[in-house]
Amino acid sequence: DPTEAALIVAAEKAKFDATVSLVKEFPFDSQRMLMSVVVKDQSGKHQVFTKGAPDALFALCTEYREKGRSTKLTPAILATLRGLTFAGLVGMHDPPRPEVRATLKKCRMAGIRVIMVTGDHALTALAIAREIELVGKEARAVTGTELKAMSDDELADVVSRVNVFARVSPECKLRLVRTLRRLGDVVAMTGDGINDAPALKEADIGVSMGQCGTEVAREASALVLQDDNFATIVKAIEEGRGIYDNIRKFIRYLLSCNVGELLAVFVAMAVGLPLPLRPMQILWVNLVTDGLPAMALGVDSADKNVMLRQPRSPQEGVFSRGLARRILTHGTLIGLSTALVFAASLTTRQCLATAQTMAFATLVLCQLLHVFDCRSETMGVEEKGLSTNPLLLGAVISSAGLLLASIYWPFLRDLFGNVSLGGAAWGVVTLALGCLPLIIGVRRLLAHWAA
């Protein structure tokens, strides 16, 4: 144990003979707040060495050591004594990791509240909390003794205002978790000891330490930190938000495309026109045009502002925050563009195969254009950038290349029933494509003005 190693070094520097053999060990206990060992020196004499919280140690001492002599302590202390001799205080500096302050700032921006719950003395806890800028100069710490004396309502009021709890027992940790959950918070609890297991189990997300944590704590937790670093928790939150966003992107893109396909067919049938797409063309769209970009969206990078948002509600559905509306709106635009190109082609006395090929090209390219808008719900294409997801860019280029191959490569052209398109046909398709980003841009502008 690093603390014990430091104590042995300090003892040797003080010319104390630490050459002893261990007889029995009493591990640290959160109730006693002490750790003791029984040792035997070279002469065969048994001694007890105890370390722990000063206030817990003082209550067990009858004497104190000064200049090699043992002196009786005051009668007030003698009333609660158990025969130990107070040898001295050792001050240890365990500085916070350099990244903690920046991580806490990121937590505040992300709407995540951090509460320090420790077994250390209240003054120690406050000093550390101020050093990492968790609390201000006027903040106070609530001790476990104070916490035990509070009613549930009093604790609910205190826990909503106080961010530092000191000299806290495992029972108090469990009560804090239950109180926060009763207030509607989603609680992540960290711990490493055996006694932390109940609180880790009770929390929404129990987080144990992979290096210094006990096996019991790891079994009771939902997440194990391999590096015992608080900043890793925040990185995991950021990664989780990005994954959830990617799920929504995936759903948004695929459903918008499917709505567009269905609507194009439905509109054509409703006005008495032939089917705008052949079965093989629809199959090709679903397997290639939809599939490749959708998979690339699933591994897209998170938005730059992902940690500037407030946490979402656990009751929030995947189609919330306007996702269903976006799917229907953009799917309708894709479907109408495809149907209009098909109708315009037939109106200009083009053959059915040419009209279906133009509709097929319009549908595919509208979907490929739409995929870039699906990359973010809050940022535009210019903010997100085109090169920040090389896989998506590759998927779009590949899909566009396969579209051209299905139109101009004789084998695929015959397979799909396509015909080669000339410049005029591509002009009509391009005109339809230009309407999609124009309408989306106007919608974003109106939404920005409304906000």
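Our subject is the structure that appears above.
Note that the coordinates shown come from a computational prediction; the quantities given were computed from them, not determined experimentally. (Residues numbered from 1 in each chain as written. Predicted model: local features only at pLDDT ≥ 70, side-chain atom pairs only at ≥ 80, totals over all residues. Heavy atoms only, no water.)

### Re the overall build of the protein
So, step 1. Within the protein, the regular secondary structure consists of 19 helices and 12 strands.
So, step 2. In terms of overall dimensions, the protein is more spread out than a globule: its C-alpha atoms have a radius of gyration of 34 Å, far above the 22 Å expected for 451 residues.
So, step 3. Across its three principal directions, the C-alpha atoms of the protein cover 115 × 45 × 30 Å.
So, step 4. With 451 residues in all, the protein has 39% of them scored as buried.
So, step 5. A sequence separation of at least 24 residues applies to 57% of the contacts in the protein between residues at least 6 apart.
So, step 6. Surface accessibility of the protein: about 24,900 Å² in total, with carbon and sulfur atoms responsible for 62%.
So, step 7. Distance between charge centroids for the protein: 3 Å, based on 49 positive and 44 negative side chains. (Helix = DSSP H or I, 4+ residues; strand = E, 2+ residues; numbered from the N terminus. Rg over C-alpha atoms; globule rule 2.2 N^0.38 Å. Buried < 20%, exposed > 50% of the residue type's maximum accessible area, 1.4 Å probe, protein only. Contact = heavy atoms within 4.5 Å. Areas by Shrake-Rupley, 256 points an atom, 1.4 Å probe, with all protein chains shown as cover. Lys, Arg positive; Asp, Glu negative; His and termini not counted. Charge placed at Lys NZ, Arg CZ, Asp CG, Glu CD.)

### Things to note about the pairing of strand 10 (residues 188-191)
So, step 1. Only one face of strand 10 is covered, namely the one carrying Met189 and Gly191; the face carrying Ala188 and Thr190 has none of its residues buried.
So, step 2. Both strand 10 and strand 11 (residues 205-209) contribute to a ladder of 4 bridges, which runs parallel. For Ala188, the partnering residue across the bridge sits in strand 11 and is Ile205.
So, step 3. Regarding topology, helix 9 (residues 197-202) serves as the crossover connection from strand 10 to the parallel strand 11, and that connection is right-handed. (Pairing = 2+ DSSP bridges. Right-handed = clockwise from strand over helix to strand, strands pointing away.)

### A closer look at the packing of helix 11 (residues 230-270) against helix 15 (residues 352-373)
So, step 1. The N-to-C vectors of helix 11 and helix 15 enclose an angle of 155°; their axes lie 10 Å apart at closest approach. Classed by the angle they form, the pair helix 11 and helix 15 counts as roughly antiparallel. Remark: the crossing between helix 11 and helix 15 carries right-handed chirality. Judged by residue contacts, Arg252, Tyr253, Ser256, Cys257 and Glu261 of helix 11 engage Leu363, Gln367, Leu368, His370, Val371 and Asp373 from helix 15.
So, step 2. Across the contact of helix 11 with helix 15, the residue classes tally to 5 nonpolar, 3 polar and 3 charged. (Axes fitted to C-alpha atoms, helices over the stretch in contact; angles between N-to-C directions. Parallel < 35°, antiparallel > 145°, perpendicular 65-115°, else oblique. Left-handed = near helix turned anticlockwise from the far one by under 90°. Nonpolar A, V, L, I, M, F, W, Y, C, P; charged D, E, K, R; others polar.)

### Some words on helix 5 (residues 122-131)
So, step 1. Those residues of helix 5 that fall on the buried side of the exposure criterion are Ala122, Ala125, Leu126 and Ala129. Mapping the buried residues of helix 5 onto a view down its axis gives an arc of 95°, with all of them on the same face.
So, step 2. On its buried face, helix 5 sits against strand 7 (116-117), strand 8 (142-143) and strand 9 (164-166).
So, step 3. Glu133 sits one or two positions beyond helix 5 and adopts a positive phi of about 65°. (Arc of directions from axis to C-beta.)

### Brief notes about the sheet that holds strand 2 (residues 34-40)
So, step 1. The 3 strands are arranged 1-2-3 in an open sheet whose pairing can be described as antiparallel. Each edge of the open sheet is held by one strand with a lone partner, namely strand 1 (21-29) and strand 3 (46-52). Adjacent strand axes in the sheet meet at a mean angle of 15° when their direction is disregarded.
So, step 2. Bridge analysis of strand 1 against strand 2 gives 6 bridges, and the strand direction is antiparallel. Following the sheet pairing, Glu25 is matched in strand 2 by Val37.

### Quick word on the sheet that holds strand 8
So, step 1. Taken together, 3 strands build an open sheet; the order of strands is 7-9-8 and the sheet is parallel. Looking along the sheet, the strands with just one partner apiece sit at the ends: strand 7 and strand 8.
So, step 2. Note: strand 8 against strand 9, 2 bridges, orientation parallel. Residue pairing across strands places Val142 opposite Phe165, the latter belonging to strand 9.
So, step 3. Running at roughly 150° to strand 9, helix 5 makes contact with strand 7, strand 8 and strand 9 of the sheet.

### Comments concerning unusual backbone geometry
So, step 1. Positive phi is not limited to glycine here, since Arg167 has a value of about 50°.
So, step 2. Here Arg167 lies in the loop between strand 9 and helix 8 (170-182).
So, step 3. Backbone geometry at Arg321 places phi at a positive 55°, although glycine is not the residue there.
So, step 4. Mapped onto the secondary structure, Arg321 falls in the loop between helix 13 (291-297) and helix 14 (323-347).

### Overview of the environment of Arg375
So, step 1. Mapping Arg375 onto the fold places it in the loop between helix 15 and helix 16 (381-384).
So, step 2. Once the C-alpha coordinates of Arg375 and Leu392 are considered, the two residues, 17 residues apart in sequence, prove to be 9.8 Å apart.
So, step 3. There is a polar contact of 2.8 Å between the side chain of Arg375 and the side chain of Thr388. (Polar contact = N/O pair within 3.5 Å; in protein donor to acceptor, adjacent residues only side chain to side chain.)

### Description of helix 14
So, step 1. Here helix 14 spans 36 Å end to end across 25 residues, near enough to the 36 Å set by a 1.5 Å rise per residue.
So, step 2. Following helix 14 by one or two positions, Arg349 adopts a phi angle in the positive range, close to 65°. (Expected span 1.5 Å × (residues − 1).)

### Description of the pattern of salt bridges
So, step 1. Using the criterion set out here, one finds 19 salt bridges in the structure.
So, step 2. Between Arg326 and Glu377 there is a salt bridge; the shortest N-O distance is 3.6 Å. Of this pair, Arg326 sits in helix 14 while Glu377 sits in the loop between helix 15 and helix 16, and the two are 51 residues apart along the sequence.
So, step 3. What makes Arg326 buried here is its relative accessible area of 12%.
So, step 4. The network of salt bridges with common partners includes Arg178, Arg181, Glu202 and Asp204. (Salt bridge = Lys/Arg side-chain N within 4 Å of Asp/Glu carboxyl O.)

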